[in-house]
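# Per-entry structural report
If you want the building blocks of each chain, they are given just below.
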Amino acid sequence: MPHVFADRPGHATDPAPRDPVASLITQARRLRGEVDAVRRGTPRTDGDARGRWQHALYDLALHHLSDLDEHLAQLNEEPPDPADLPEAAPFAPPLAPGPRHGGVGSAEWNLLTDEAHWSAAWYEIVGLDPSTPPLTLDELPSLVRPEDHPLLTTMVTGCLIDGRPLDGEFRIRRPDGTERTVHMTGEPVLDADGSTAAMWAVLHDVTERRHSERALHESHASFRHAHHVERAAHQVAVDLQEAVLPPWGGPLRLPHRGPGALDLAAHYLPSATGTLVGGDWYDALELPDSDVLLSIGDLTGHGVPVTSGMALLLGALRATAVSGTAPGPLLGVLNHLLDASVQPALGSTAVCRYRPASRTLTWAQAGHPAPLLFRDGTGRVLPPPGGVLLGASSGARYGQSEVPLHAGDLLLLHTDGLVPRRTGPAAHRRLLALAPRFAAARSAQECVRAVIEEFGDWEREDDACVLVARVVD
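Conventions and cut-offs
Residues numbered from 1 in each chain as written. Predicted model: local features only at pLDDT ≥ 70, side-chain atom pairs only at ≥ 80, totals over all residues. Heavy atoms only, no water. Helix = DSSP H or I, 4+ residues; strand = E, 2+ residues; numbered from the N terminus. Buried < 20%, exposed > 50% of the residue type's maximum accessible area, 1.4 Å probe, protein only. Contact = heavy atoms within 4.5 Å. Areas by Shrake-Rupley, 256 points an atom, 1.4 Å probe, with all protein chains shown as cover. Salt bridge = Lys/Arg side-chain N within 4 Å of Asp/Glu carboxyl O. Pairing = 2+ DSSP bridges. Axes fitted to C-alpha atoms, helices over the stretch in contact; angles between N-to-C directions. pLDDT = per-residue confidence, 0-100. Core = buried A, V, L, I, M, F, W, Y, C linked by side-chain atoms within 4.5 Å. Arc of directions from axis to C-beta. Phe/Tyr/Trp six-rings, centres within 6.5 Å; stacked < 30°, edge-to-face > 60°.

### Let's talk about the overall build of the protein chain
- Across its full length, the protein chain carries 10 helices and 16 strands.
- Across the 473 residues that make up the protein chain, the buried fraction comes to 42%.
- Within the protein chain, residue pairs in contact and separated by at least 24 positions form 64% of the contacts whose partners lie at least 6 positions apart.
- Carbon and sulfur atoms make up 56% of the accessible area of the protein chain, which totals about 24200 Å².

### What about the pattern of salt bridges?
- In the structure shown here, the tally under the stated rule is 17 salt bridges.
- For Arg173, the salt bridge identified is with Glu179, shortest N-O distance 3.1 Å.
- In this structure Glu179 comes out as partly exposed when scored by relative accessible area, which is 29%.
- The salt bridge partner of Asp289 is Arg353, with a shortest N-O separation of 3.1 Å. A residue pair is termed long-range when its members are at least 10 positions apart, and Asp289 in the loop between strand S8 (278-286) and strand S9 (292-302) and Arg353 in strand S10 (residues 347-355) qualify at 64 residues.

### Details of the sheet that holds strand S16 (residues 464-471)
- In spatial order, the strands read S6-S7-S16-S15-S12-S13; together these six strands make up an open sheet with antiparallel pairing. Two strands close off the open sheet at either side, each with one partner strand: strand S6 (252-254) and strand S13 (378-381). Pairwise comparison of adjacent strand axes, ignoring direction, gives a mean angle of 25 degrees for this sheet.
- Bridge analysis of strand S12 (residues 372-375) against S13 gives four bridges, and the strand direction is antiparallel. Bridging from a neighbouring strand, Arg375 pairs with Thr378 of S13.
- Helix H8 (residues 424-432) contacts S12, S13 and strand S15 (410-414) of the sheet and is inclined by roughly 25 degrees relative to S12.
- Of the strands in this sheet, strand S7 (262-269), S15 and S16 touch helix H10 (residues 444-455), which is tilted by about 25 degrees from S7.

### A word on the confidence of the model for the protein chain
- In the predicted model, the protein chain carries a mean pLDDT of 80, and 76% of its residues have values of at least 70.
- Taken as a whole, residues 1-14 scores under 50 in pLDDT and shows 22 contacts with residues more than four places along the chain or in a different chain.
- Considering only residues more than four positions removed or in separate chains, one finds that residues 79-102, a stretch of pLDDT under 50, has 41 contacts.

### Considerations on the nonpolar core
- One finds Leu262, Leu264, Leu294, Leu361 and Leu411 to be the most contacted residues of the largest nonpolar core, which totals 27 residues.
- Of all the elements in the fold, those that place two or more residues in this core are S6, S7, S8, S9, S10, strand S11 (360-366), S15 and S16.
- Excluding its chain neighbours within four sequence positions, the residues that come into contact with Leu294 are Leu262, Leu264, Asp283, Ala284, Ala350, Val351, Cys352, Leu411, Leu467 and Ala469.
- Counting residues in hydrophobic clusters, the runner-up holds 25 residues, among them Trp118, Ile125, Val144 and Met199.

### Concerning the sheet that holds strand S2 (residues 116-118)
- Strand order across the open sheet formed by five strands is S2-S1-S5-S4-S3, with antiparallel pairing between neighbours. The open sheet has two edge strands, S2 and strand S3 (166-173), and neither has a second partner. Along the sheet, successive strands turn relative to each other by an average axial angle of 20 degrees, direction set aside.

### Regarding the environment of His336
- Inspection of the secondary structure puts His336 in helix H7 (residues 327-339).
- In sequence terms His336 and Ala392 are 56 residues apart; their C-alpha atoms lie 9.7 Å from each other.

### Looking at the side chain of Asp298
- Looking at where Asp298 falls in the secondary structure, it is placed in strand S9.
- Exposure remark for Asp298: the relative accessible area of 15% places this residue in the buried category.
- Apart from residues no more than four positions distant in its own chain, Asp298 is found in contact with Gly279, Asp280, Trp281, Leu346, Gly347 and Ser348.

### Thoughts on unusual backbone geometry
- For the peptide bond that leads from Leu254 to Pro255, omega is -10 degrees, which places it in the cis range.
- Looking at the element boundaries, Pro255 is found in the loop between S6 and S7.
- Unusually for a residue other than glycine, Asp114 sits at a positive phi of about 60 degrees.
- Along the chain, Asp114 falls in the loop between strand S1 (104-110) and S2.

### Considering the pairing of strand S4 (residues 179-190)
- Alignment of S3 against S4, held across eight bridges, turns out to be antiparallel. In the strand pairing of S4, Leu166 is matched with Gly186.
- Pairing between S4 and strand S5 (residues 196-205): nine bridges, direction antiparallel. Within S5, the residue paired with Glu187 across the bridge is Trp200.
- Joining the antiparallel neighbours S4 and S5 is a turn of five residues, in which Gly194 adopts a positive phi near 85 degrees.

### Remarks on H8
- Taken residue by residue, H8 has Ala427, His428 and Leu431 as its buried positions. Seen end-on, H8 carries its buried residues on one side only, within an arc spanning 100 degrees. Exposed residues pointing more than 90 degrees away from the buried face of H8 are listed as Pro425 and Arg429.
- Buried-residue contacts for H8 involve S12, S13, S15, helix H9 (435-440) and H10.

### Re the packing of aromatic side chains
- Summed over all chains, the structure comprises four aromatic pairs.
- Here the aromatic rings of Trp109 and Trp122 are separated by 5.7 Å at their centres, their planes lie at 75 degrees, and the arrangement is edge-to-face. On the criterion of sequence distance, the pair formed by Trp109 in strand S1 and Trp122 in helix H3 (residues 120-126) is long-range, its members being 13 residues apart.
- Taken together, the ring pairs connect Trp109, Trp118, Trp122 and Tyr123 into an aromatic cluster.

If you want it as C-alpha coordinates, here you go:
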(Lines give C-alpha, C1' and ligand atoms only; values in the text may rest on other atoms or scores of the structure.)
Protein backbone atom coordinates (compact mmCIF):
# COMPACT_ATOMS: atom_id res chain seq x y z
CA MET A 1 0.00 0.00 0.00
CA PRO A 2 1.41 3.43 -0.86
CA HIS A 3 2.40 5.63 2.05
CA VAL A 4 0.16 8.66 2.64
CA PHE A 5 1.57 11.89 4.07
CA ALA A 6 -0.19 14.41 6.24
CA ASP A 7 0.46 17.36 3.92
CA ARG A 8 -0.54 15.41 0.78
CA PRO A 9 -3.54 13.27 1.71
CA GLY A 10 -4.39 10.51 -0.67
CA HIS A 11 -1.26 10.89 -2.84
CA ALA A 12 1.20 8.04 -3.18
CA THR A 13 4.93 8.52 -3.17
CA ASP A 14 5.97 10.40 -6.29
CA PRO A 15 8.62 8.86 -8.55
CA ALA A 16 11.95 10.56 -8.12
CA PRO A 17 12.43 13.23 -10.80
CA ARG A 18 15.45 12.98 -13.03
CA ASP A 19 16.51 16.56 -12.33
CA PRO A 20 18.71 16.46 -9.19
CA VAL A 21 17.30 19.73 -7.80
CA ALA A 22 13.71 18.56 -8.36
CA SER A 23 14.63 15.30 -6.64
CA LEU A 24 15.94 17.19 -3.60
CA ILE A 25 12.76 19.28 -3.48
CA THR A 26 10.64 16.12 -3.58
CA GLN A 27 12.64 14.52 -0.78
CA ALA A 28 12.40 17.66 1.38
CA ARG A 29 8.63 17.81 0.93
CA ARG A 30 8.28 14.10 1.64
CA LEU A 31 10.31 14.47 4.84
CA ARG A 32 8.21 17.45 5.90
CA GLY A 33 5.06 15.40 5.40
CA GLU A 34 6.45 12.55 7.49
CA VAL A 35 7.51 14.90 10.32
CA ASP A 36 4.09 16.55 10.28
CA ALA A 37 2.38 13.15 10.40
CA VAL A 38 4.39 12.13 13.49
CA ARG A 39 3.71 15.51 15.10
CA ARG A 40 -0.02 15.13 14.58
CA GLY A 41 0.09 11.68 16.13
CA THR A 42 1.96 12.76 19.25
CA PRO A 43 -0.45 13.32 22.18
CA ARG A 44 -0.14 16.53 24.15
CA THR A 45 -1.62 17.87 27.38
CA ASP A 46 -1.17 21.26 28.99
CA GLY A 47 0.51 19.76 32.04
CA ASP A 48 2.94 17.64 30.06
CA ALA A 49 6.25 19.55 29.87
CA ARG A 50 7.84 16.83 27.76
CA GLY A 51 4.94 16.95 25.29
CA ARG A 52 5.25 20.72 24.96
CA TRP A 53 8.98 20.36 24.34
CA GLN A 54 8.45 17.71 21.67
CA HIS A 55 5.79 19.75 19.88
CA ALA A 56 8.06 22.79 19.93
CA LEU A 57 10.83 20.78 18.31
CA TYR A 58 8.42 19.38 15.73
CA ASP A 59 7.27 22.91 14.89
CA LEU A 60 10.87 24.05 14.61
CA ALA A 61 11.75 21.14 12.32
CA LEU A 62 8.73 21.86 10.11
CA HIS A 63 9.77 25.50 9.91
CA HIS A 64 13.29 24.53 8.82
CA LEU A 65 12.00 22.04 6.26
CA SER A 66 9.69 24.69 4.79
CA ASP A 67 12.65 27.04 4.51
CA LEU A 68 14.69 24.24 2.93
CA ASP A 69 11.96 23.68 0.35
CA GLU A 70 11.91 27.40 -0.47
CA HIS A 71 15.70 27.64 -0.82
CA LEU A 72 15.89 24.54 -3.02
CA ALA A 73 13.17 25.96 -5.26
CA GLN A 74 15.28 29.10 -5.70
CA LEU A 75 18.03 26.99 -7.28
CA ASN A 76 15.83 26.75 -10.38
CA GLU A 77 15.15 30.49 -10.45
CA GLU A 78 17.12 33.55 -11.50
CA PRO A 79 18.68 35.41 -8.57
CA PRO A 80 16.33 38.20 -7.49
CA ASP A 81 17.11 41.83 -8.18
CA PRO A 82 19.00 43.34 -5.20
CA ALA A 83 16.37 46.12 -5.12
CA ASP A 84 13.77 43.50 -4.18
CA LEU A 85 15.84 42.08 -1.33
CA PRO A 86 15.98 43.51 2.21
CA GLU A 87 18.91 45.75 2.94
CA ALA A 88 21.98 43.74 3.84
CA ALA A 89 23.33 44.09 7.33
CA PRO A 90 26.87 45.43 7.78
CA PHE A 91 29.63 42.97 7.26
CA ALA A 92 30.01 40.69 10.26
CA PRO A 93 33.29 39.19 11.49
CA PRO A 94 33.71 35.40 11.55
CA LEU A 95 31.30 33.79 13.96
CA ALA A 96 32.30 32.36 17.30
CA PRO A 97 31.63 28.62 17.67
CA GLY A 98 27.92 27.95 18.18
CA PRO A 99 26.24 25.90 20.91
CA ARG A 100 27.04 22.21 21.10
CA HIS A 101 23.44 21.13 21.85
CA GLY A 102 22.04 21.92 18.44
CA GLY A 103 21.32 25.55 19.37
CA VAL A 104 17.88 24.82 20.89
CA GLY A 105 17.18 25.31 24.59
CA SER A 106 14.04 25.39 26.73
CA ALA A 107 12.94 27.31 29.79
CA GLU A 108 9.91 27.70 32.04
CA TRP A 109 8.99 30.45 34.50
CA ASN A 110 6.45 29.63 37.25
CA LEU A 111 4.50 32.80 38.06
CA LEU A 112 3.11 31.38 41.31
CA THR A 113 6.40 30.36 42.91
CA ASP A 114 8.76 32.72 41.02
CA GLU A 115 10.84 29.68 40.13
CA ALA A 116 12.59 29.33 36.77
CA HIS A 117 14.10 26.32 35.04
CA TRP A 118 16.55 26.49 32.14
CA SER A 119 17.91 23.60 30.11
CA ALA A 120 21.68 23.20 29.67
CA ALA A 121 21.35 24.31 26.03
CA TRP A 122 19.58 27.55 27.09
CA TYR A 123 22.49 28.33 29.44
CA GLU A 124 24.94 27.64 26.65
CA ILE A 125 23.11 29.84 24.13
CA VAL A 126 23.05 32.86 26.43
CA GLY A 127 26.60 32.16 27.64
CA LEU A 128 25.89 31.87 31.37
CA ASP A 129 27.35 29.39 33.86
CA PRO A 130 24.83 26.53 34.47
CA SER A 131 25.69 26.69 38.18
CA THR A 132 24.15 30.15 38.46
CA PRO A 133 20.41 30.58 39.03
CA PRO A 134 18.35 31.20 35.89
CA LEU A 135 17.26 34.78 35.31
CA THR A 136 13.74 35.83 36.15
CA LEU A 137 11.52 37.38 33.48
CA ASP A 138 12.34 40.81 34.90
CA GLU A 139 16.08 40.08 34.61
CA LEU A 140 15.93 38.53 31.14
CA PRO A 141 16.23 41.90 29.27
CA SER A 142 19.71 42.35 30.75
CA LEU A 143 20.94 39.85 28.14
CA VAL A 144 19.18 41.56 25.24
CA ARG A 145 20.52 44.41 23.15
CA PRO A 146 18.85 47.69 24.17
CA GLU A 147 17.37 48.16 20.68
CA ASP A 148 15.48 44.88 21.07
CA HIS A 149 14.09 45.50 24.58
CA PRO A 150 10.70 46.76 23.30
CA LEU A 151 10.21 43.61 21.22
CA LEU A 152 10.95 41.28 24.12
CA THR A 153 8.70 43.29 26.45
CA THR A 154 5.83 43.16 23.96
CA MET A 155 6.24 39.41 23.49
CA VAL A 156 6.31 38.56 27.22
CA THR A 157 3.47 40.96 28.10
CA GLY A 158 1.28 39.62 25.33
CA CYS A 159 1.90 36.06 26.49
CA LEU A 160 1.27 36.66 30.20
CA ILE A 161 -1.66 39.06 29.96
CA ASP A 162 -3.37 38.27 26.64
CA GLY A 163 -2.38 34.60 26.39
CA ARG A 164 -0.74 35.07 23.01
CA PRO A 165 2.00 32.63 21.89
CA LEU A 166 5.58 33.82 21.95
CA ASP A 167 7.20 34.22 18.54
CA GLY A 168 9.98 36.69 17.90
CA GLU A 169 13.63 37.20 17.10
CA PHE A 170 16.13 39.38 18.92
CA ARG A 171 19.81 39.72 19.65
CA ILE A 172 21.59 38.90 22.89
CA ARG A 173 25.01 39.95 24.09
CA ARG A 174 26.78 37.25 26.10
CA PRO A 175 29.14 37.92 29.03
CA ASP A 176 32.17 37.12 26.83
CA GLY A 177 31.21 39.99 24.52
CA THR A 178 30.00 37.87 21.60
CA GLU A 179 26.58 38.44 20.11
CA ARG A 180 24.02 35.84 19.03
CA THR A 181 20.73 36.13 17.19
CA VAL A 182 17.99 34.01 18.77
CA HIS A 183 14.40 33.11 17.93
CA MET A 184 12.10 32.54 20.87
CA THR A 185 8.76 30.71 20.73
CA GLY A 186 6.50 29.56 23.52
CA GLU A 187 3.11 29.94 25.14
CA PRO A 188 1.44 30.44 28.51
CA VAL A 189 0.63 27.49 30.80
CA LEU A 190 -2.87 27.84 32.25
CA ASP A 191 -4.12 26.53 35.59
CA ALA A 192 -7.53 24.92 36.24
CA ASP A 193 -9.19 28.35 36.41
CA GLY A 194 -7.79 29.38 33.03
CA SER A 195 -5.35 31.86 34.56
CA THR A 196 -1.72 32.04 33.46
CA ALA A 197 0.32 30.01 35.93
CA ALA A 198 3.59 29.76 34.02
CA MET A 199 5.29 30.56 30.73
CA TRP A 200 7.48 28.17 28.84
CA ALA A 201 9.69 28.99 25.88
CA VAL A 202 12.04 27.46 23.36
CA LEU A 203 15.14 29.46 22.40
CA HIS A 204 16.72 28.71 19.04
CA ASP A 205 20.15 30.12 18.13
CA VAL A 206 19.78 31.29 14.49
CA THR A 207 23.04 33.23 14.29
CA GLU A 208 24.67 31.01 11.68
CA ARG A 209 21.47 30.91 9.69
CA ARG A 210 21.17 34.70 9.58
CA HIS A 211 24.85 34.94 8.71
CA SER A 212 24.27 32.57 5.78
CA GLU A 213 21.22 34.55 4.65
CA ARG A 214 23.26 37.74 4.73
CA ALA A 215 26.00 36.07 2.69
CA LEU A 216 23.36 34.85 0.23
CA HIS A 217 21.95 38.35 -0.07
CA GLU A 218 25.39 39.80 -0.69
CA SER A 219 26.19 37.12 -3.28
CA HIS A 220 22.87 37.86 -5.04
CA ALA A 221 23.67 41.56 -5.09
CA SER A 222 27.21 40.91 -6.30
CA PHE A 223 25.97 38.54 -9.00
CA ARG A 224 23.33 40.99 -10.19
CA HIS A 225 25.80 43.88 -10.19
CA ALA A 226 28.32 41.85 -12.19
CA HIS A 227 25.52 40.84 -14.58
CA HIS A 228 24.50 44.48 -15.08
CA VAL A 229 28.12 45.50 -15.66
CA GLU A 230 28.60 42.67 -18.15
CA ARG A 231 25.45 43.60 -20.05
CA ALA A 232 26.42 47.27 -20.12
CA ALA A 233 29.93 46.43 -21.34
CA HIS A 234 28.47 44.13 -23.99
CA GLN A 235 26.16 46.88 -25.24
CA VAL A 236 29.05 49.36 -25.36
CA ALA A 237 31.09 46.87 -27.39
CA VAL A 238 28.17 46.28 -29.78
CA ASP A 239 27.56 50.02 -30.21
CA LEU A 240 31.25 50.67 -30.79
CA GLN A 241 31.49 47.86 -33.32
CA GLU A 242 28.43 49.10 -35.20
CA ALA A 243 29.86 52.61 -35.24
CA VAL A 244 33.20 51.43 -36.64
CA LEU A 245 32.11 48.87 -39.23
CA PRO A 246 30.96 50.39 -42.52
CA PRO A 247 27.21 51.08 -42.56
CA TRP A 248 26.91 49.22 -45.84
CA GLY A 249 26.69 45.46 -46.12
CA GLY A 250 26.15 45.64 -49.82
CA PRO A 251 25.84 46.34 -52.57
CA LEU A 252 28.45 49.06 -52.98
CA ARG A 253 30.38 50.17 -56.08
CA LEU A 254 33.91 51.58 -55.72
CA PRO A 255 35.20 53.75 -57.20
CA HIS A 256 31.93 55.49 -57.82
CA ARG A 257 32.99 56.58 -61.30
CA GLY A 258 35.16 55.19 -64.06
CA PRO A 259 35.91 51.75 -65.52
CA GLY A 260 37.20 48.69 -63.66
CA ALA A 261 35.09 49.33 -60.55
CA LEU A 262 34.45 46.76 -57.85
CA ASP A 263 31.00 45.48 -56.88
CA LEU A 264 31.26 45.00 -53.11
CA ALA A 265 29.25 43.24 -50.41
CA ALA A 266 30.12 42.14 -46.87
CA HIS A 267 28.59 40.54 -43.81
CA TYR A 268 29.38 40.18 -40.11
CA LEU A 269 28.44 36.86 -38.45
CA PRO A 270 28.21 36.93 -34.63
CA SER A 271 29.19 34.03 -32.40
CA ALA A 272 26.55 31.44 -31.48
CA THR A 273 26.00 32.92 -28.02
CA GLY A 274 25.80 36.50 -29.25
CA THR A 275 27.59 37.64 -26.08
CA LEU A 276 31.15 37.49 -27.42
CA VAL A 277 31.73 40.71 -29.35
CA GLY A 278 35.15 40.39 -30.87
CA GLY A 279 37.52 42.51 -32.88
CA ASP A 280 36.61 41.29 -36.39
CA TRP A 281 36.23 43.96 -39.05
CA TYR A 282 35.88 44.53 -42.77
CA ASP A 283 36.31 47.78 -44.66
CA ALA A 284 36.29 49.30 -48.14
CA LEU A 285 37.38 52.84 -48.91
CA GLU A 286 37.86 54.88 -52.06
CA LEU A 287 41.23 56.62 -51.85
CA PRO A 288 42.03 60.12 -53.17
CA ASP A 289 43.70 58.71 -56.34
CA SER A 290 40.57 56.57 -57.06
CA ASP A 291 42.29 53.40 -55.88
CA VAL A 292 40.18 51.19 -53.61
CA LEU A 293 41.35 50.01 -50.19
CA LEU A 294 40.01 46.65 -49.02
CA SER A 295 40.82 45.29 -45.57
CA ILE A 296 39.63 42.58 -43.27
CA GLY A 297 41.05 41.54 -39.92
CA ASP A 298 40.67 40.34 -36.39
CA LEU A 299 42.04 41.65 -33.11
CA THR A 300 42.35 38.87 -30.53
CA GLY A 301 40.01 38.89 -27.54
CA HIS A 302 36.49 40.10 -26.82
CA GLY A 303 34.70 43.00 -25.22
CA VAL A 304 35.09 46.76 -25.02
CA PRO A 305 38.93 46.86 -24.92
CA VAL A 306 39.11 44.79 -28.11
CA THR A 307 36.43 46.71 -30.03
CA SER A 308 38.02 50.02 -29.02
CA GLY A 309 41.42 48.66 -30.10
CA MET A 310 39.88 47.56 -33.38
CA ALA A 311 38.49 51.07 -33.91
CA LEU A 312 41.93 52.58 -33.29
CA LEU A 313 43.61 50.11 -35.65
CA LEU A 314 41.07 50.63 -38.42
CA GLY A 315 41.39 54.40 -38.12
CA ALA A 316 45.18 54.18 -38.37
CA LEU A 317 44.87 51.81 -41.35
CA ARG A 318 42.64 54.24 -43.24
CA ALA A 319 44.78 57.29 -42.44
CA THR A 320 47.98 55.53 -43.51
CA ALA A 321 46.42 54.28 -46.73
CA VAL A 322 45.08 57.76 -47.59
CA SER A 323 48.64 59.07 -47.32
CA GLY A 324 49.60 56.76 -50.20
CA THR A 325 51.45 54.07 -48.22
CA ALA A 326 51.53 50.67 -49.95
CA PRO A 327 50.04 47.60 -48.17
CA GLY A 328 53.38 46.10 -47.03
CA PRO A 329 54.78 49.22 -45.33
CA LEU A 330 51.27 50.02 -44.06
CA LEU A 331 51.25 46.79 -42.06
CA GLY A 332 54.62 47.78 -40.60
CA VAL A 333 53.00 50.96 -39.27
CA LEU A 334 50.10 49.00 -37.75
CA ASN A 335 52.51 46.51 -36.18
CA HIS A 336 54.42 49.34 -34.52
CA LEU A 337 51.13 50.81 -33.27
CA LEU A 338 50.11 47.56 -31.56
CA ASP A 339 53.60 46.82 -30.31
CA ALA A 340 53.85 50.24 -28.65
CA SER A 341 50.31 50.12 -27.24
CA VAL A 342 49.86 50.37 -23.46
CA GLN A 343 47.49 47.42 -23.68
CA PRO A 344 49.32 44.70 -25.66
CA ALA A 345 47.27 42.95 -28.32
CA LEU A 346 47.70 40.72 -31.33
CA GLY A 347 45.91 41.09 -34.60
CA SER A 348 45.73 39.60 -38.06
CA THR A 349 44.72 41.35 -41.26
CA ALA A 350 44.78 41.25 -45.03
CA VAL A 351 45.06 44.63 -46.76
CA CYS A 352 44.52 45.09 -50.50
CA ARG A 353 44.95 48.13 -52.72
CA TYR A 354 43.10 47.83 -56.01
CA ARG A 355 43.94 50.06 -59.00
CA PRO A 356 40.91 50.24 -61.34
CA ALA A 357 42.77 51.70 -64.29
CA SER A 358 45.00 48.60 -64.61
CA ARG A 359 42.82 46.17 -62.65
CA THR A 360 45.79 45.39 -60.46
CA LEU A 361 45.58 44.15 -56.86
CA THR A 362 48.49 44.77 -54.48
CA TRP A 363 48.07 43.06 -51.14
CA ALA A 364 49.84 42.13 -47.91
CA GLN A 365 48.90 40.06 -44.90
CA ALA A 366 49.81 39.77 -41.23
CA GLY A 367 49.15 36.21 -40.06
CA HIS A 368 45.78 36.23 -41.81
CA PRO A 369 43.97 33.80 -44.15
CA ALA A 370 44.85 34.63 -47.75
CA PRO A 371 42.19 35.96 -50.12
CA LEU A 372 40.51 33.52 -52.49
CA LEU A 373 40.35 34.37 -56.20
CA PHE A 374 37.52 32.89 -58.28
CA ARG A 375 37.71 32.98 -62.08
CA ASP A 376 35.78 31.11 -64.77
CA GLY A 377 34.00 28.82 -62.31
CA THR A 378 37.05 27.75 -60.30
CA GLY A 379 38.86 29.20 -57.32
CA ARG A 380 42.32 29.27 -55.80
CA VAL A 381 44.12 30.60 -52.75
CA LEU A 382 46.43 33.51 -53.50
CA PRO A 383 50.02 32.70 -52.44
CA PRO A 384 50.61 34.83 -49.34
CA PRO A 385 53.60 37.17 -48.98
CA GLY A 386 55.48 36.96 -45.69
CA GLY A 387 54.01 38.58 -42.63
CA VAL A 388 53.67 37.81 -38.90
CA LEU A 389 50.78 38.74 -36.61
CA LEU A 390 50.51 42.42 -35.80
CA GLY A 391 52.01 43.12 -32.40
CA ALA A 392 53.98 39.86 -32.34
CA SER A 393 57.42 41.18 -33.26
CA SER A 394 58.99 44.63 -32.98
CA GLY A 395 60.25 46.02 -36.27
CA ALA A 396 58.69 43.22 -38.35
CA ARG A 397 58.71 43.71 -42.11
CA TYR A 398 55.84 42.72 -44.36
CA GLY A 399 56.07 41.67 -47.99
CA GLN A 400 53.43 42.35 -50.60
CA SER A 401 52.24 40.69 -53.79
CA GLU A 402 50.70 42.02 -56.98
CA VAL A 403 47.94 40.14 -58.82
CA PRO A 404 46.38 41.15 -62.16
CA LEU A 405 42.60 40.81 -62.18
CA HIS A 406 40.18 40.32 -65.05
CA ALA A 407 36.65 41.48 -65.60
CA GLY A 408 34.30 39.09 -63.78
CA ASP A 409 36.93 37.97 -61.27
CA LEU A 410 35.71 37.57 -57.72
CA LEU A 411 37.82 38.12 -54.62
CA LEU A 412 36.72 36.69 -51.24
CA LEU A 413 38.34 37.90 -48.01
CA HIS A 414 37.38 36.40 -44.66
CA THR A 415 38.40 36.06 -41.02
CA ASP A 416 39.03 32.86 -39.10
CA GLY A 417 35.82 31.30 -37.90
CA LEU A 418 33.81 31.89 -41.06
CA VAL A 419 33.77 28.13 -41.64
CA PRO A 420 32.86 26.64 -38.23
CA ARG A 421 35.31 24.06 -36.86
CA ARG A 422 37.53 24.51 -39.91
CA THR A 423 40.70 26.57 -40.29
CA GLY A 424 43.52 26.85 -42.80
CA PRO A 425 43.37 24.54 -45.85
CA ALA A 426 40.23 22.76 -44.58
CA ALA A 427 38.34 26.05 -44.48
CA HIS A 428 39.69 27.06 -47.86
CA ARG A 429 38.46 23.83 -49.44
CA ARG A 430 34.95 24.43 -48.13
CA LEU A 431 34.94 27.96 -49.50
CA LEU A 432 36.46 27.00 -52.85
CA ALA A 433 33.67 24.44 -53.25
CA LEU A 434 31.28 27.39 -53.63
CA ALA A 435 32.86 28.33 -56.98
CA PRO A 436 29.90 27.04 -59.10
CA ARG A 437 27.43 29.09 -57.06
CA PHE A 438 29.62 32.18 -57.34
CA ALA A 439 29.86 31.71 -61.14
CA ALA A 440 26.08 31.65 -61.38
CA ALA A 441 25.64 34.68 -59.11
CA ARG A 442 24.86 38.03 -60.69
CA SER A 443 26.33 40.23 -57.95
CA ALA A 444 28.68 40.31 -54.98
CA GLN A 445 25.61 40.45 -52.74
CA GLU A 446 24.37 37.10 -54.10
CA CYS A 447 27.81 35.60 -53.43
CA VAL A 448 27.72 36.78 -49.80
CA ARG A 449 24.23 35.35 -49.51
CA ALA A 450 25.54 31.98 -50.75
CA VAL A 451 28.25 32.04 -48.04
CA ILE A 452 25.69 32.82 -45.35
CA GLU A 453 23.35 30.09 -46.56
CA GLU A 454 26.21 27.60 -46.43
CA PHE A 455 27.79 28.57 -43.11
CA GLY A 456 25.52 31.09 -41.37
CA ASP A 457 23.37 28.61 -39.43
CA TRP A 458 26.31 26.78 -37.87
CA GLU A 459 27.09 27.35 -34.21
CA ARG A 460 30.36 29.24 -34.28
CA GLU A 461 32.52 29.81 -31.22
CA ASP A 462 33.74 33.19 -32.47
CA ASP A 463 32.44 35.96 -34.68
CA ALA A 464 33.55 36.24 -38.29
CA CYS A 465 33.46 38.54 -41.32
CA VAL A 466 33.32 37.98 -45.07
CA LEU A 467 33.99 40.54 -47.80
CA VAL A 468 33.37 39.88 -51.50
CA ALA A 469 34.67 42.11 -54.31
CA ARG A 470 33.70 41.44 -57.93
CA VAL A 471 35.42 43.19 -60.86
CA VAL A 472 32.70 44.81 -62.93
CA ASP A 473 32.73 44.15 -66.68
